[in-house]
Amino acid sequence: MKYYLIVGEASGDLHASHLMLSLKKQDPDADFRFFGGDLMTAVGGTRVKHYKELAYMGFVPVLLHLPTILRNMKMCQQDILQWQPDAVILVDYPGFNLKIAKYIKRQRLIAKSKKPQIYYYISPKIWAWKEYRIKNIKRDVDELFSILPFEVDFFEKKHHYPIHYVGNPTAQEVRDYLKANSQQSTTDSRQPVIALLAGSRRQEIKDNLPAMIEATRHLAGDYGIVLAGAPSIPTDYYEPFLRGSSVRLVINETYPLLSKATAALVTSGTATLETCMFKVPQVVCYETPIPRVIAFLKKHLIKVKYISLVNLIADSEVVPELVADTFSVENIRQHLESILPGGKARQAMLDGYEEVHRRLGDSHAPDVAARQMYELLNNK
């Protein structure tokens, strides 16, 4: 069968590449065409565009690049119609992908056809923001594949839209790493380590890293302070932040670092879940502009109680979240000290991690999703 995949960022490239490998196990004749990245290209098929040509984040960058975005969208739409795949698989990236789904669904109605089927792998996080997009999903997406267990209640109970929970690929990737344990650690085994995971975007790093460094400065004699650099960020971008500190930078070595870490300071995102899967106690730190306004919005308008995946999955405050008006060097320092060995909050957090592991389950998400997709296509 023919599969057309669309991703818009590095994490999508990673998860889509694993899904493609799983689809090849189900369907040896699988033919792939995609908007994706280097990892998907390594699996095989035809790459139409690299995701780096699509990825514009924030209102101003999107506005400045709007003509390019619209050209890419039109190109993608026409390419799908010309290639006639059996399935279009959308991976996260809802701003672009939901518009593709709407267009393809409309073309199907015009042609009175069920082909291509529209599958969404890694569902849009509309439970946090832009919940109105549920109308588009119900109308335009044939099957939605979720990687977060709490999304089942959100979509099925609240919005009466059945979905497939397939397991969590990040959890599986960590389990696979721990099982293999083949990479050499970049940390010094003679000294315990505190890991800093300051985000994968320049603005996140600029906002969070200085406070992380300052909050750990007094511990530098007892701990190695190691920063996990994002592979998409040049090394020289970190240099001004690290100057005058004892923080050591490692690039593309997050898993080896977490496998040896005693504790971590982490920005929100997938990194919080990765840290949990490695059973490393953490403090979630996320500075925001105009913190008092953000605190008000968080209390009155934003739909979720927590910002970290760990707490969202557990449905309780397993890890502290220092966001908006609670973000400060002193708060980071106090919470960090409480999760170091002998700290009053360390064991309770590790116990909370066990509940997160239980709720995620041990399914191999790409294999489960691929099997379900292939069976659905055959039934069609």
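Reference entry: report on the structure contained in this document. None of these values were measured; they are calculated from a predicted model.

## Some words on the overall build of the protein chain
(1) Moving on: Check the secondary structure of the protein chain and you find 17 helices and 13 strands.
(2) Moving on: Its C-alpha radius of gyration of 21 Å places the protein chain within 12% of the 21 Å reference for a compact globule of 380 residues.
(3) Moving on: Expressed along its principal axes, the backbone C-alpha trace of the protein chain runs to roughly 70 × 45 × 40 Å.
(4) Moving on: In the protein chain, which comprises 380 residues, the share counted as buried stands at 52%.
(5) Moving on: Counting every atom, the protein chain has about 18000 Å² of accessible surface; 52% of that belongs to carbon and sulfur.
(6) Moving on: Side-chain charges in the protein chain split into 48 positive and 41 negative, and the spacing between the mean points of these groups amounts to 7 Å.

## Some words on the packing of aromatic side chains
(1) Moving on: The tally for this structure, following the rule as stated, stands at 14 aromatic pairs.
(2) Moving on: The interplanar angle of 35 degrees and the centroid separation of 6.5 Å between the aromatic rings of phenylalanine 35 and phenylalanine 96 together place this pair among those described as tilted. Of this pair, phenylalanine 35 sits in strand S2 (residues 31-36) while phenylalanine 96 sits in helix H5 (residues 94-111), and the two are 61 residues apart along the sequence. Both residues of the pair, phenylalanine 35 and phenylalanine 96, count as buried.
(3) Moving on: Their ring planes at 90 degrees and their centres at 5.1 Å tell us that phenylalanine 154 and phenylalanine 155 sit as a pair that is edge-to-face.

## Structural notes on the pattern of salt bridges
(1) Moving on: Tallying each qualifying case throughout the model produces 16 salt bridges.
(2) Moving on: Here lysine 25 ties to aspartate 367 by a salt bridge, and the two come within 3.0 Å at their closest N and O atoms. Residue lysine 25 is located in helix H1 (residues 10-26), and its partner aspartate 367 is located in helix H17 (residues 365-379); the two are separated by 342 residues in the primary sequence.
(3) Moving on: Note that glutamate 214 is salt-bridged to arginine 217, the shortest N-O span being 3.1 Å.

## A few points about the packing of H1 against H17
(1) Moving on: Put simply, H1 and H17 touch, their axes get as near as 8 Å, and they point 50 degrees apart. Here H1 is positioned oblique relative to H17, judged by the angle of their axes. Seen from above, H1 lies across H17 with right-handed handedness. Two secondary-structure elements touch here, H1 through His18, Leu19, Ser22, Leu23, Lys25 and Gln26 and H17 through Pro366, Asp367, Ala369, Ala370, Arg371, Met373 and Tyr374.
(2) Moving on: Of the residues that constitute the contact of H1 with H17, the class distribution is seven nonpolar, three polar and three charged.

## Focus: the pairing of strand S10 (residues 248-251)
(1) Moving on: Where strand S9 (residues 224-229) meets S10, four bridges bridge the pair, whose relative direction is parallel. Across the sheet, the residue bridging to leucine 227 is leucine 249, located in S10.
(2) Moving on: In this view, the connection linking S9 to its parallel neighbour S10 by way of helix H10 (residues 235-242) has right-handed handedness.

Quick notes on the rules
Residues numbered from 1 in each chain as written. Predicted model: local features only at pLDDT ≥ 70, side-chain atom pairs only at ≥ 80, totals over all residues. Heavy atoms only, no water. Helix = DSSP H or I, 4+ residues; strand = E, 2+ residues; numbered from the N terminus. Rg over C-alpha atoms; globule rule 2.2 N^0.38 Å. Buried < 20%, exposed > 50% of the residue type's maximum accessible area, 1.4 Å probe, protein only. Areas by Shrake-Rupley, 256 points an atom, 1.4 Å probe, with all protein chains shown as cover. Lys, Arg positive; Asp, Glu negative; His and termini not counted. Charge placed at Lys NZ, Arg CZ, Asp CG, Glu CD. Phe/Tyr/Trp six-rings, centres within 6.5 Å; stacked < 30°, edge-to-face > 60°. Salt bridge = Lys/Arg side-chain N within 4 Å of Asp/Glu carboxyl O. Axes fitted to C-alpha atoms, helices over the stretch in contact; angles between N-to-C directions. Parallel < 35°, antiparallel > 145°, perpendicular 65-115°, else oblique. Left-handed = near helix turned anticlockwise from the far one by under 90°. Contact = heavy atoms within 4.5 Å. Nonpolar A, V, L, I, M, F, W, Y, C, P; charged D, E, K, R; others polar. Pairing = 2+ DSSP bridges. Right-handed = clockwise from strand over helix to strand, strands pointing away.

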